[in-house]
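Observations on chain architecture
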Amino acid sequence: MLRQKHDSAQVPGQRFINPDVLTRIDNLELVARGVVDGFISGLHRSPMLGMSVDFAEHRAYMPGDDVRRIDWRVFARTDRLYIKEFEADTNANLHLILDVSASMDYGSGAVSKLDYAKFLAASLAYISMRQRDRIGLITFDNDIVDTVPTSIRHFSRVLHVLDGLEAGGVSEYQRPLEKIAENLRRRSLVVLISDLYETPERLLTAVNQLRYRGNDLIVFHLLDPLELTLNLGDVSSVEDLESGASMPIAADQFRASYRQLVSTHRAELEAKFGASQIDYIFTDISQPLDDILFRYLSDRQRQIRTR
Amino acid sequence: MGFSWISPLYLFGSLLLALPVLIHLVQRHRSSGVKFPSLMFLERIELRQKQRYEIRNWLLLLLRCLLLLLIVIAFARPFLLDAADGQLLDPGRKDSVIVIDRSYSMRVADHWQQARAAALAAVGEKNAGDRIGIVAFDDQAEVHSDLTASSADLRSIIERLSPGMRSTRLRLAIEQAARLLDGSNASRRQILVISDFQASAVVAGEVPALAPGIELTPLPIDAAEIANTTVSSLSLAPSLRGAADAITLNVELTSHASEAVDQSLSLVVNGRELERRDLRLQPGAVVVESFDEVSVSGALMRGVVSLDDDALALDNRAYFVYSSKRKLPVLLIEAEQPRNNQAVYAERALGLSQNPLFAVRRAPWSDLQARDLAAYAVIIVNDVALPGGALGDSLRGYVAAGGGLLVAAGANLQGNWPSGKQGFVPGTLMRQIDANPGMAQRIMGLDDRHPLASVLGAKAKIDLSLARVFSYRDLQPADDDRLLARYSDGGVALLERRVGRGRVLVLTTTLDAHWNDLALQPVFLPFLHQTMRYLAAFTSYPDSVPIGSVVDVLHYARALAGSDAVVAAAANPVLIIESPGAAQTRLERQSPLLAIAEPGFYQVHRATPAEIEVVLAANVDPAEAGLERLDLARFVEEIRASAKSLPADQVLTLRQAAEQEQRQQLWYWILCLVLVLILVEGFTANRIATRRPPGNRVKT
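Presented here is a report on the structure given in the accompanying data block. Since we're looking at a predicted model, the values are computed, not measured.

Cut-offs and rules
- Residues numbered from 1 in each chain as written.
- Chains lettered and ligands numbered in written order.
- Predicted model: local features only at pLDDT ≥ 70, side-chain atom pairs only at ≥ 80, totals over all residues.
- Heavy atoms only, no water.
- Helix = DSSP H or I, 4+ residues; strand = E, 2+ residues; numbered from the N terminus.
- Polar contact = N/O pair within 3.5 Å; in protein donor to acceptor, adjacent residues only side chain to side chain.
- Contact = heavy atoms within 4.5 Å.
- Salt bridge = Lys/Arg side-chain N within 4 Å of Asp/Glu carboxyl O.
- Buried < 20%, exposed > 50% of the residue type's maximum accessible area, 1.4 Å probe, protein only.
- Pairing = 2+ DSSP bridges.
- Axes fitted to C-alpha atoms, helices over the stretch in contact; angles between N-to-C directions.
- Patch = residues over 30% accessible without salt bridge, like charges linked within 9 Å, V, L, I, M, F, W, Y side chains within 5 Å.
- Areas by Shrake-Rupley, 256 points an atom, 1.4 Å probe, with all protein chains shown as cover.
- Left-handed = near helix turned anticlockwise from the far one by under 90°.
- Nonpolar A, V, L, I, M, F, W, Y, C, P; charged D, E, K, R; others polar.
- Core = buried A, V, L, I, M, F, W, Y, C linked by side-chain atoms within 4.5 Å.
- Phe/Tyr/Trp six-rings, centres within 6.5 Å; stacked < 30°, edge-to-face > 60°.
- Lys NZ or Arg CZ within 6 Å of the ring centre and 35° of its normal.

**Quick notes on the side chain of Thr230 of chain B**
Residue and element names in this part refer to chain B. In this fold, Thr230 is placed in strand S9 (residues 229-238). Here the side chain of Thr230 touches Asp315 through a polar contact of 2.9 Å, landing on its backbone oxygen. Not counting chain neighbours up to four residues away, the residues in contact with Thr230 comprise Glu252, Leu253, Thr254, His256, Leu307, Asp315, Asn316 and Ala625.

Next up, the structure:
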């Protein structure tokens with residue numbers, strides 16, 4: 001509760017929907033709308049601005065309207081102030097790439113990383129749908145599992161596929177991302193959502209394949225709080241969710257080293273991805289989804305302005 | 001003061017202590033393992049193996065180990081060695097028990113003198129503080145002296161000992177001696193066995209149980225080889241050819257000599273030699289000799305088969321008696337005006353018995369006097385009312401004194417039914433019950449444990465349920481009555497009651513073919529014969545009894561006379577026993593037990609008149625005749641091997657230890673402590689479990 005109040009102070013109007021609450025909503029579209037509408041109404045501007053728009057209609061000027069949107073030609077002919085309304089159009093593709101390996105099925109709370117990834121992907125898809133972008137979805141573990149081709153009308157299909165996702169298999173990045181990169185024909189906004197259990201070097205090699213085609217790449221790194229802290233309690237051994245391998249541990253003795261390793265891993269990823277102009281967003285899945293989205297989109301808007 | 005244990009082997013159970021540690025370490029992997037997304041980082045962490053297997057909850061582990069340890073200790077039954085109890089060993093003293101063989105084989109040559117000399121020598125060699133006990137044995141072991149330091153007393157006892165007439169059992173003697181030494185706290189304890197060590201003295205597989213720390217020292221008699229022949233068995237059989245009162249006699253002769261022996265065999269009956277024959281017995285031979293048919297004269301015939309005397313004369317004679325008086329007197333009560341064949345079936349059935357023969361008398365109550373009843377072993381009342389008055393009282397007395405009464409209840413059994421505490425018949429007799437036409441009752445479920453069933457169950461054809469019963473008298477059993485059989489509709493068929501020393505059986509249907517067809521079935525004869533034997537407590541008269549047995553004289557008097565009642569009716573309650581050695585002893589009828597101690601004829605008289613009631617022939621055990629030596633080294637080795645191998649100076653006797661442990665009962669307090677620790681362990685484990693954070697969730 002304290003954390004939520006703190007975040008609320010930072011972002012007025014944000015509704016901060018707890019991920020645990022979101023799991024109770026079966027309909028992904030509702031989740032996405034609930035998450036996105038909350039902060040978009042607070043922003044007043046779409047984070048996807050910069051895309052092309054088409055004229056839709058005129059309407060009478062109302063005080064408070066942006067004077068830059070007054071159609072001066074109409075004013076010249078009719079001596080009345082009219083505002084030009086534009087219908088959003090798109091020329092952008094959004095590719096959502098989801099890791100569905102077995103490690104994504106982990107969650108110490110009500111939400112697993114895969115659930116969180118679904119909400120996140122659905123929210124991003126919703127935003128893009130509102131921007132009339134083309135939306136596509138690709139899931140992978142050590143190969144491509146599911147594909148929804150990009151289309152402006154594929155929002156529902158993406159949600160449907162997201163809804164039916166099950167985690168399984170061993171994660172690998174090089175091969176599936178290479179395949180995905182080969183199939184990206186237009187410049188796209190590519191969003192990779194994964195727990196990134198791989199060395200930063202190999203990860204960078206893998207994701208750079210997506211980057212080389214001129215795609216705009218955003219990587220969401222999802223981790224459960226226990227994966228950050230190793231607060232496993234009095235356990236004597238752990239079993240790898242993907243390989244099934246087991247090893248004895250002394251969690252108390254391991255904890256400090258483990259945290260250090262995770263922290264280093266994150267830092268390296270952030271540095272290496274940053275250097276390759278890849279947006280890296282670390283996501284603790286216990287954090288509210290809209291908070292993550294808001295922070296990311298704010299950062300992104302700032303970056304777009306500066307780029 | 002120190003600790004010792006009653007069952008120290010249980011201490012090996014302390015190895016179980018490794019169990020909680022192992023379980024803790026091994027099971028920790030399995031039970032408390034969790035799934036984790038990736039071991040990528042964990043595998044990079046360097047950690048010593050020791051840390052991975054580190055024990056976390058030391059307190060819990062120690063508590064559990066302590067619990068196990070205490071349970072193991074409690075099972076081992078510890079006790080405190082207390083010097084004040086005098087339980088510490090006396091290092092300078094030696095206690096011995098002289099076990100001396102007095103079986104009849106020790107009568108051979110100078111064996112007994114040698115044995116006595118060896119015993120006296122052992123007493124002479126003892127030091128001042130040493131103690132000696134004396135056990136004399138044959139097939140029994142008798143303590144003649146507890147452990148004592150008095151040499152004079154010991155010598156006196158040894159001088160008084162003499163060989164007996166019985167056979168040898170070494171195990172009993174050695175165990176008796178060991179029990180004497182159980183009470184000793186001397187540092188050295190010893191059993192000296194002085195015997196001729198016959199092979200027959202040890203039954204195969206019987207090894208004496210010797211406490212640890214007790215030495216066994218055999219002192220065998222120095223014996224030369226002796227040629228011995230024996231009458232090893234004797235059998236009598238009624239003659240099959242001639243008259244009923246004649247017998248044939250077979251004897252088995254055994255030679256224990258290493259050379260052929262010439263012998264003369266004779267048969268003497270009632271003091272008259274009937275036959276003598278010379279024969280040559282080959283070494284180790286076992287031969288059977290048959291005598292000519294012998295006519296039986298008198299109620300009791302006494303005989304002796306004998307060989308010429310040799311080195312061991314006792315086993316050269318076999319005594320026997322034969323009783324021709326083997327008829328059980330049975331009184332069959334009939335009605336004043338009997339219906340057709342009312343008594344015929346029972347009378348004829350009893351007439352067909354061989355063992356015993358039945359002497360049946362048929363008479364109505366009106367022909368009988370009160371005193372007449374005592375002459376019969378069994379009285380059968382077949383569908384006739386029971387008598388009242390003096391005769392009724394006499395009937396009750398007859399049963400209480402040991403007589404047998406069989407009552408078959410029919411329609412005519414009306415009026416007097418003396419049941420209850422003052423009466424003698426079982427249950428309450430009710431109305432007549434008739435079976436539905438075509439639905440005869442069957443007698444079912446005869447109690448298998450009852451002596452009556454022993455003969456009936458022997459052959460498949462002998463089955464009471466074959467008989468059809470058309471009518472019977474309803475009988476309600478009382479608490480003390482024993483229900484032996486029922487009808488198929490649940491009604492009582494056969495009910496028994498014990499009155500004093502006698503037995504009363506009630507069959508609730510008739511004993512002729514009036515209400516049933518039992519008398520027409522094959523089962524009728526064996527059923528009636530067995531019923532008579534049971535009611536009369538019949539016992540066959542023995543040809544001979546072995547020395548060492550204890551016999552109930554009245555038991556054989558009953559077999560001879562046919563009824564306890566006969567004996568009980570004697571006016572004088574004192575019996576005079578005349579032994580084979582002509583010694584006379586008096587025996588009360590209330591405790592008529594006679595110990596058979598010497599071979600020959602035991603004669604039992606009533607004090608007045610001096611009529612011989614019972615004669616018993618007593619024989620020595622022929623097994624003792626074999627003088628072959630036991631493999632002594634092997635025997636001693638077996639005993640030593642069976643004893644626990646603890647050093648003598650560390651051993652308390654088992655009895656002392658058990659007494660001390662029982663007095664202290666430390667195990668009880670240890671178990672109480674275990675209970676408390678279980679509570680503490682439960683509380684601690686619960687605290688630890690509740691402190692542990694909840695496990696992480698993995699969706700699978």
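**What to know about the pattern of salt bridges**
Overall, the coordinates contain 30 salt bridges over all chains when judged by the stated rule. Asp143 of chain A is the salt-bridge partner of Lys179 of chain A, the closest N and O atoms lying 2.8 Å from each other. Of this pair, Lys179 of chain A sits in helix H7 (residues 174-183) while Asp143 of chain A sits in the loop between strand S4 (134-140) and strand S5 (144-151), placing them 36 residues apart in sequence. With a closest N to O distance of 2.2 Å, Arg277 of chain B and Glu275 of chain B form a salt bridge. This pair shows no difference in class: Arg277 of chain B is buried, exactly as Glu275 of chain B is. Taken together, the salt bridges that share partners define one network made up of Arg102, Asp138, Asp139, Glu142 and Arg166 of chain B.

**So, the sheet that holds S5 of chain A**
All names here are of chain A. Within the open sheet, the six strands sit side by side as S5-S4-S3-S6-S7-S10. Their pairing is mixed. Among the strands making up the open sheet, the edge pair consists of S5 and strand S10 (279-284). Between one strand axis and the next, the sheet turns by 15 degrees as a mean value, whatever way the strands run. Across six bridges, the pairing between strand S7 (residues 216-223) and S10 is parallel. Bridge pairing links Ile218 to Asp279 in S10. Sitting on the sheet, helix H8 (residues 200-211) touches strand S3 (93-99), strand S6 (188-194) and S7, and the angle it makes with S7 is about 145 degrees.

**Things to note about a nonpolar patch on the surface**
Residues and elements named next belong to chain B. On the surface, a nonpolar cluster with roughly 710 Å² of combined accessible area is contributed by Tyr10, Ile71, Phe75, Trp667, Tyr668, Trp669 and Leu671. For the nonpolar patch, the secondary structure elements donating two or more residues are helix H3 (58-76) and helix H15 (666-691). The element that contributes the greatest number of residues to the nonpolar patch is H15, accounting for four residues. Relative to the helices and strands, Leu671 is located in helix H15.

**A word on the environment of Leu19 of chain B**
Residue and element names in this part refer to chain B. Structurally, Leu19 is set in helix H1 (residues 18-31). Residue Leu19 is classed as partly exposed on the basis of its relative accessible area, which comes to 42%. For the pair formed by Leu19 and Leu68, sequence separation is 49 residues and the distance between their alpha carbons is 9.5 Å.

**Some points on the sheet that holds strand S26 (residues 502-507) of chain B**
All names here are of chain B. The nine strands lie next to each other as S17-S16-S18-S19-S26-S25-S24-S21-S22, forming an open sheet whose pairing is mixed. Here the strands that pair on one side only, and so sit at the sheet edges, are strand S17 (357-363) and strand S22 (468-469). Where strand S16 (residues 327-333) and strand S18 (residues 378-382) come together, four bridges link them in parallel fashion. Looking at S18, one finds that Val330 is bridged to Val378. Contacting S18, strand S19 (404-408), strand S25 (492-499) and S26, helix H8 (residues 389-400) crosses the sheet at an angle of about 115 degrees to S26.

**With respect to the side chain of Thr254 of chain B**
Among the structural elements, Thr254 of chain B can be located in strand S10 (residues 246-255). Apart from residues lying up to four places away in sequence, Thr254 of chain B is in contact with Asn228, Thr229, Thr230, Ser232, Ala285 and Val286 of chain B.

**Points about the packing of H8 of chain A against helix H10 (residues 251-275) of chain A**
Residues and elements named next belong to chain A. It is at 10 Å that the axes of H8 and H10 come closest, and there the two elements cross at 35 degrees. Every pair of crossing elements has a handedness; the one defined by H8 and H10 is right-handed. For the pair formed by H8 and H10, the contact residues are Pro200, Glu201, Leu203, Leu204 and Val207 on the first element and His265, Glu268, Leu269, Lys272 and Phe273 on the second. For the contact of H8 with H10, the per-class residue count stands at six nonpolar, one polar and three charged.

**Comments concerning the pairing of S10 of chain A**
With respect to burial, S10 of chain A is a largely interior element, six of its six residues being buried. With burial as the criterion, each face of S10 of chain A is covered, one bearing Asp279, Ile281 and Thr283 of chain A and the other bearing Tyr280, Phe282 and Asp284 of chain A.

**With respect to the nonpolar core**
One finds Leu177, Leu232 and Phe273 of chain A together with Leu42 of chain B to be the most contacted residues of the largest nonpolar core, which totals 47 residues. Here this core takes six residues from H10 of chain A, the largest share from any one element. For Phe273 of chain A, the residues in contact, after removing those within four places along its chain, are Leu196, Leu203, Leu204, Val207, Val219, Ile278 and Tyr280 of chain A. If you look at the next biggest cluster of nonpolar residues, it comprises 40 residues, including Ala349, Leu406, Ala453 and Leu528 of chain B.

**Digging into the packing of aromatic side chains**
When we look at a pair of aromatic rings, we describe it by the centre distance and by the angle of the planes. Applying the stated rule across the entire model yields 13 aromatic pairs over all chains. Centroid distance Tyr126 of chain A to Phe155 of chain A: 6.0 Å. Interplanar angle 50 degrees. Geometry classified as tilted. Taken as a pair, Tyr126 of chain A in helix H5 (residues 113-130) and Phe155 of chain A in helix H6 (residues 155-163) lie far apart in primary sequence, 29 residues in all. The residues Tyr126 of chain A and Phe155 of chain A share a single accessibility class, namely buried. Through a chain of ring-to-ring contacts, three or more aromatic side chains come together here, namely Tyr106, Tyr197 and Tyr258 of chain A together with Phe36 and Phe41 of chain B. Of note, Arg266 of chain A hangs over the ring of Phe282 of chain A, and the distance from its end group to the ring centre comes to 3.6 Å. A cation sits over an aromatic face here: Arg503 of chain B above Tyr534 of chain B, 4.4 Å from the ring centre.

**Quick word on the pairing of strand S11 (residues 261-269) of chain B**
Residues and elements named next belong to chain B. With respect to burial, S11 is a largely interior element, eight of its nine residues being buried. In terms of strand pairing, S11 meets strand S12 (residues 272-281) through nine bridges, oriented antiparallel. Paired with Ser266 across the two strands is Arg276, which belongs to S12. Between S11 and S12, which pair antiparallel and follow one another directly, the connecting turn spans two residues, one of which, Asn270, has a positive phi of 50 degrees. Where S11 meets strand S14 (residues 300-307), five bridges bridge the pair, whose relative direction is antiparallel. Note on S14: the bridge partner recorded for Val268 is Val304.

**Section: unusual backbone geometry**
You will see that Leu230 of chain A, though not glycine, has its phi angle at about 60 degrees, which is positive. Relative to the helices and strands, Leu230 of chain A resides in the loop between helix H9 (225-229) and strand S8 (237-240). The phi angle at Gln665 of chain B is positive, at roughly 50 degrees, despite the residue not being glycine. By the element assignment, Gln665 of chain B lies in the loop between helix H14 (654-664) and H15. The class of Gln665 of chain B is partly exposed, set by a relative accessible area of 34%.

**So, the environment of Asp367 of chain B**
Residue and element names in this part refer to chain B. For Asp367, the location among the structural elements is in the loop between S17 and S18. On the accessibility criterion, Asp367 (47% relative accessible area) is partly exposed. In this structure, the C-alpha to C-alpha distance between Asp367 and Glu336, residues 31 residues apart in sequence, is 9.7 Å. Not counting residues up to four positions away in its chain, the partners in contact with Asp367 are Arg361 and Asp372.

The values reported here are purely geometric and, on their own, carry no functional implication.
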